Amino acid sequence: MIVKLDNIYKVYGESGTDTSVPALNDVSLTVDRGEYVAIMGPSGSGKSTLMNVIGCLDKPTSGTYYFEDKDVLKLKDRQMSDLRLHSIGFVFQSFYLMNEENAIENVALPLSYAGVPKKERERRAIEVLTKVGLADRVKFRPDQLSGGQKQRVAIARALVNNPKVLLADEPTGALDQKSGAAIMDLFQQLNDEGTTIIMITHDSNIASHAKKIYKIVDGQLFSGTDEQGVE
Amino acid sequence: MFENLRLAFRGIWTHKLRSFLTMLGIIIGIASIIAIVSTIEGTNQRIKENLIGAGSNTVSVILCQDDYPIDTNYMEIPDGVPMVTDSTLEEIRDFDEVMSASRYTERMVYDGVYYKETTMEGGYVRGVEMDYFSTANLAVKEGRLFTDDDLKKFRKVCVIDEETCAGLLGNEDPLGKVLEIGGDAYTIVGVITPRNTFTPDINSVDDYYTFTQPESGTVYIPLCDWPISYRYDVPENVLVRAASTDDMTAAGKKSADQLNSYIHAREYGVGYQAQDLLEQAQQMQELANSTNKMLIWIAGISLLVGGIGVMNIMLVSVTERTAEIGLKKAIGARKSKVMGQFLTEAAVLTSLGGVIGVASGIGLAKVISIVANIPVAISWPATVVSVVFSTIIGIVFGILPSRKAANLNPIDALRTN
């Protein structure tokens, strides 16, 4: 298993006071290598918080979280950075590409943080861009690309360091139906090739592409087969 | 590092106008400093060059009372001051800094030097020995200098300089003409001229003072004839030629000390002092430099303001680029990487400002030299220091914005978009 969360609580504000807001309430989740998991929930359900916790962007208030053999709660700031750099690939709803940089430069960014030499960065960036179907667009800047193409660049950037997990937050949220479907096809293909994917979405159609679906309501996580608490 | 530089240049190029306006404070500060330093350098170099040419590295060591030269028209030689003996002169010549030394007496001319009906106005009469002319680096223009025979026979002969020649004789051929000096008739045997053909640049009253006073309108008579035409007991001065321009001050001082060691009654404020052109010039320079140093401080304040401007814009830039910073941190950039990127950007921005400032400063200096007729010399150490200094400004004033960027919480940063 790669990701193992046990009894995770996340409370915003000072716990125990009136102003404290519980965002995650006793969440336990295990994701194994090669899985394709969707976490579904409406806005305000705590799914973003869960994604931040899984993505090692935020530490939970209590509980245990093991990323492979690493106890995430015990990691220092800089070790969390390194874990994100080498083990987690992020895909966001609004792409977050650098507009002045072309596709290769955007994709190569994590490699530069990892200290990969320039030639090698370029080679690997082109390789991954080819994998996501942008072989003919490698020198294009984001403003010269369509929404779907931009998300492919972002996915390539997430994949370039060969992460253990691809963590996607509403990956189709800013795309039209057709581009969204194409991205889902790409996810399917990546998963078939062995990439572990955790996807967070509010859209049940998108979630249905995953092999395993969880639902999150008011900070509590339910397996997709549980009917409890849904709708 | 290289990646950061590339990003920094790209960022600056993307926001050309903003970057330029940000740099403006640095540009103005550095440009003013370069212009001021160039002017100082230029003035200093000019003064030094002129000294080497004009003074021939000579220092007059003159007997003074209370810091003023003793005017032999009115004053007697004070008690306890001996004549300058041959052995004293030898002692002076033995100093490493001294090339040659010659004694002379001098008297300012108020009246008493005539050619026919023309009176010499101002200037000096000097009683000199044979080696005076070589020590003072004076050459014969017409006629001859004194001979042993002249001195042995106490001949009343004189040598005049070009200024005296023009003033007293006009266009007449001076050789063989007779001047009345101190009531006696002296025959002009030669006209002397400074050996080198250097013409000083006179740009100010100070320059005029420096260059014109020492050698204007002088009549030279043999030292042995002096007591005949004037008083017997006049103080003797020494003209010292230093081995180099830099040795002038030391040569003058050592010679004066040597002469003073033979004076009794120093308590009356009587003593030899070196009339050192170099020292005078240095005082002039110091005056000019202290004024200019004030200007450098003012320019430094403009650099400080420029640095604060850079900090301000960098803070705005960090706020604007919150999403970019958030993403970079999210995908695994360590704090130090983000910090490094923004520090590099600030440093590149101010260094670029420094380089542009240096270029404008050199341009400004050239314009000043043409418009105000002030000499300028570009000081390369100053330009290097300026660029390095502006880089340091960027790093110092970039710390706060960079820390702000590095400490951004990636979750918050991504949420703002």
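Residues numbered from 1 in each chain as written. Chains lettered and ligands numbered in written order. Predicted model: local features only at pLDDT ≥ 70, side-chain atom pairs only at ≥ 80, totals over all residues. Heavy atoms only, no water.

Participant: What should I look at first to understand the sheet that holds strand β2 (residues 21-31) of chain A in this one?
Facilitator: Residues and elements named next belong to chain A. One open sheet accounts for 4 strands, arranged β2-β1-β4-β5; its pairing is antiparallel. Of all the strands in the sheet, just β2 and β5 (70-71) have a single pairing partner and so form its edges. The pairing of strand β1 (residues 3-12) with strand β4 (residues 62-67) spans 5 bridges and is antiparallel. Bridge assignment links Y9 to a residue of β4, and that residue is S62. (Pairing = 2+ DSSP bridges. Helix = DSSP H or I, 4+ residues; strand = E, 2+ residues; numbered from the N terminus.)

Participant: What is the right way to look at unusual backbone geometry in this model?
Facilitator: Glycine aside, a negative phi is what most residues show, and trans is what most peptide bonds show. Even without glycine at this site, D26 of chain A takes up a positive phi of about 55°. Judged by relative accessible area, D26 of chain A falls into the partly exposed class, the value being 36%. Phi is positive for N137 of chain B, which is not a glycine, with a value near 60°. Within the secondary structure layout, N137 of chain B lies in the loop between α4 (132-135) and β7 (138-143). Residue N137 of chain B is classed as buried on the basis of its relative accessible area of 11%. (Buried < 20%, exposed > 50% of the residue type's maximum accessible area, 1.4 Å probe, protein only.)

Participant: Explanation requested: the side chain of R121 of chain A in the structure shown.
Facilitator: Structurally, R121 of chain A can be placed in helix α4 (residues 118-131). Taking the relative accessible area as the measure of exposure, R121 of chain A reaches 12% and is therefore buried. Of the polar contacts made by the side chain of R121 of chain A, one reaches the backbone oxygen of V116 of chain A; its length is 2.9 Å. If sequence neighbours within four positions are ignored, R121 of chain A has contacts with A108, L111, S112 and V116 of chain A together with E3 of chain B. (Polar contact = N/O pair within 3.5 Å; in protein donor to acceptor, adjacent residues only side chain to side chain. Contact = heavy atoms within 4.5 Å.)

Participant: Looking at this structure, how should I read the packing of helix α11 (residues 322-330) of chain B against helix α12 (residues 335-371) of chain B?
Facilitator: What describes two packed helices is the angle between their axes and the distance between those same axes. Residue and element names in this part refer to chain B. Closest axis-to-axis distance for the α11/α12 pair is 9 Å, and the angle between their directions is 145°. Where α11 crosses over α12, the two elements pack in a sense that is right-handed. Of α12, the residues touching α11 (which contributes E324, I325, K328 and K329) are K335, V338, Q341 and F342. Here the contact of α11 with α12 is composed, by residue class, of 3 nonpolar, 1 polar and 4 charged. (Axes fitted to C-alpha atoms, helices over the stretch in contact; angles between N-to-C directions. Left-handed = near helix turned anticlockwise from the far one by under 90°. Nonpolar A, V, L, I, M, F, W, Y, C, P; charged D, E, K, R; others polar.)

Participant: Looking at this model, I keep getting lost on the pairing of β4 of chain A. Mind explaining?
Facilitator: Within a regular strand, side chains alternate between the sheet's two faces. Residues and elements named next belong to chain A. By the bridge criterion, 2 bridges tie β4 to β5 in an arrangement that is antiparallel. By the bridge assignment for β5, F67 is matched with K70. Counting the residues in the hairpin turn of β4 and β5 gives 2 residues, including E68, whose phi is positive at 50°.

Participant: Would you take a moment to explain the interface of chain A and chain B for this structure?
Facilitator: Accessible area lost when the parts come together is the quantity often used to give the size of an interface. Counting residues at the interface gives 23 residues for chain A and 22 residues for chain B. Summing the contributions of chain A and of chain B, the shared interface buries around 2200 Å²; its carbon and sulfur component is 58%. Of all residues in chain A, L57, Y96 and Y113 of chain A give up the largest surface area on contact with chain B, accounting jointly for 28% of the area buried on that side. One can count 5 salt bridges joining chain A with chain B. Across the contact surface, chain A and chain B share 9 residue pairs in polar contact (both at pLDDT 80 or more). Elements with a minimum of two residues in the side of chain A that touches chain B: α2 (77-87), α3 (103-113) and α4 of chain A. In terms of residues, the side of chain A that touches chain B owes the most to one element, α2 of chain A, which gives 6 residues. A breakdown of the residues in the side of chain A that touches chain B according to their chemical character gives 9 nonpolar, 3 polar and 11 charged. (Buried area = accessible area lost by both parts, 1.4 Å probe. Salt bridge = Lys/Arg side-chain N within 4 Å of Asp/Glu carboxyl O.)

Participant: Just checking my understanding: could you explain the environment of K152 of chain B for this structure?
Facilitator: Along the polypeptide, K152 of chain B turns up in helix α5 (residues 148-152). Among the residues examined, K152 of chain B registers a relative accessible area of 64% and is labelled exposed.

Participant: Would you mind going over the environment of F133 of chain B with me for this structure?
Facilitator: Residue and element names in this part refer to chain B. Here F133 lies in helix α4. Overall, F133 belongs to the buried group, its relative accessible area being 1%. Distance in space between the C-alpha atoms of F133 and P194 is 9.6 Å, their sequence separation being 61 residues. Non-local contacts of F133, meaning those with residues more than four positions away in its chain, are made with V128, L138, L145, F146, V159, I192 and Y220.

Participant: Looking at this model, I keep getting lost on the pairing of strand β12 (residues 237-242) of chain B. Mind explaining?
Facilitator: All names here are of chain B. Counting buried positions along β12 yields 6 of 6 residues, so the element is predominantly enclosed. Because side chains alternate across β12, one face comprises the buried residues N237, L239 and R241, and the other comprises V238, V240 and A242, equally buried. Across 4 bridges, the pairing between strand β1 (residues 58-65) and β12 is antiparallel. Within β12, the residue paired with T58 across the bridge is R241. Bridge count between strand β3 (residues 98-108) and β12: 6 bridges; the pairing is antiparallel. The residue of β12 that forms the bridge with S102 is L239.

Participant: Explain the sheet that holds strand β8 (residues 196-201) of chain A here, please?
Facilitator: Within a sheet, each strand pairs with its neighbour through backbone hydrogen bonds, oriented either parallel or antiparallel. Residues and elements named next belong to chain A. In spatial order, the strands read β6-β7-β8-β3-β9-β10; together these 6 strands make up an open sheet with mixed pairing. Each edge of the open sheet is held by one strand with a lone partner, namely β6 (88-91) and β10 (220-223). Here the strands of the sheet are splayed against their neighbours by 20° on average, with no regard to which way each runs. In this sheet, strand β7 (residues 165-169) lies alongside β6 in parallel orientation, the contact comprising 4 bridges. Bridge pairing in β7 places F90 opposite L167. In the packing of helix α1 (residues 47-54) onto the sheet, contacts are made with β3 (36-40), β6, β7, β8, β9 (212-217) and β10, and the angle to β8 comes to roughly 155°.

Participant: Would you mind going over the confidence of the model for chain A with me for this structure?
Facilitator: In low-pLDDT segments, the atomic positions of the prediction should not be examined closely. For chain A, the mean per-residue pLDDT works out to 90, and 96% of the residues sit at or above 70. Throughout residues 227-231 of chain A the model reports pLDDT below 50, and contacts reaching past four residues in sequence, or to other chains, amount to 3 contacts. (pLDDT = per-residue confidence, 0-100.)

Participant: Got a minute to help me understand the nonpolar core in this structure?
Facilitator: A general tendency of soluble globular proteins is for nonpolar side chains to be buried together. Residues and elements named next belong to chain A. Core analysis: the largest hydrophobic core is formed by 71 residues, its most contacted members being V3, L5, I39, L50, I54, Y65 and F67. In this structure L50 touches L5, L24, V27, I39, I216 and L221, once residues within four positions along its chain are discounted. Residues F95, I155, A168 and M199 belong to the second largest nonpolar core, which totals 39 residues. (Core = buried A, V, L, I, M, F, W, Y, C linked by side-chain atoms within 4.5 Å.)

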